[in-house]
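The chain contents come next:
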Amino acid sequence: MRAPAYTPLVPARDRGSGDVVIFDGDCGMCRRWVRRLEAWDRDGVLETIPYQDPSVTDRFPWIPPDALREAVQVVAPDGRTWSGAGAAERLAHILPGGRPLAWLFRIPGVRGVADRVYRWVAVNRGPAGGCGLHCD
């Protein structure tokens, strides 16, 4: 397995003991969004790690490998896990200034639409996302 082309802005050992964001380190679009998350995370509560990191399966054995490939995962310190649009909602809840965005998920129907949009983007992130053949 080749090492992903992603290097976190802040090494994991220097981050807080908050939530862990597991993403596709081979996907250019995913790496760009994680960079944005890291910039938003002024308090350093998130750990970001590509699912290709060999430690992921040992640390998070309850997350199926297919789920890791299909959507971003956010894992709370107590093990609760959110995926896809649910992960985005969780991040909005815990990052500074994100509560107004998280509030949108409470509007009836928004979560279903967000799930569909997330799945569409995930499936279609190919060359436009900078993934090349990996994401096709």
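Refer to the structure above for everything that follows.
Treat the numbers as computed from the prediction; the structure is a model and nothing was measured.

A. Seen up close, the sheet that holds strand β1 (residues 20-23). The strand order across the open sheet formed by four strands is β2-β1-β3-β4, and the pairing between neighbours is mixed. Two strands close off the open sheet at either side, each with one partner strand: β2 (47-50) and β4 (81-83). If you compare each strand with its neighbour and ignore which way they point, the axes differ by 20° on average. Across three bridges, the pairing between strand β3 (residues 73-75) and β4 is antiparallel. Considered in β4, the bridge of Gln73 is made with Ser83. Packed onto the sheet, helix α1 (residues 28-40) meets β1 and β2 and runs at close to 165° relative to β1. Where helix α4 (residues 85-94) meets the sheet, it contacts β1, β3 and β4, and its direction lies at approximately 120° from that of β4.

B. Structural context of the pattern of salt bridges. Tallying each qualifying case throughout the model produces five salt bridges. A salt bridge links Arg90 to Asp19, with the nearest nitrogen and oxygen atoms 2.7 Å apart. Of the two residues, Arg90 sits in helix α4 while Asp19 sits in the segment before β1, which places them 71 residues apart along the sequence. The exposure classification of Arg90 matches that of Asp19, with both residues buried. Note that Arg80 and Asp78 form a salt bridge whose closest N and O atoms lie 2.8 Å from each other. Under the relative-accessibility criterion, Arg80 is labelled partly exposed at 46%.

About the criteria used
- Residues numbered from 1 in each chain as written.
- Predicted model: local features only at pLDDT ≥ 70, side-chain atom pairs only at ≥ 80, totals over all residues.
- Heavy atoms only, no water.
- Pairing = 2+ DSSP bridges.
- Helix = DSSP H or I, 4+ residues; strand = E, 2+ residues; numbered from the N terminus.
- Axes fitted to C-alpha atoms, helices over the stretch in contact; angles between N-to-C directions.
- Contact = heavy atoms within 4.5 Å.
- Salt bridge = Lys/Arg side-chain N within 4 Å of Asp/Glu carboxyl O.
- Buried < 20%, exposed > 50% of the residue type's maximum accessible area, 1.4 Å probe, protein only.

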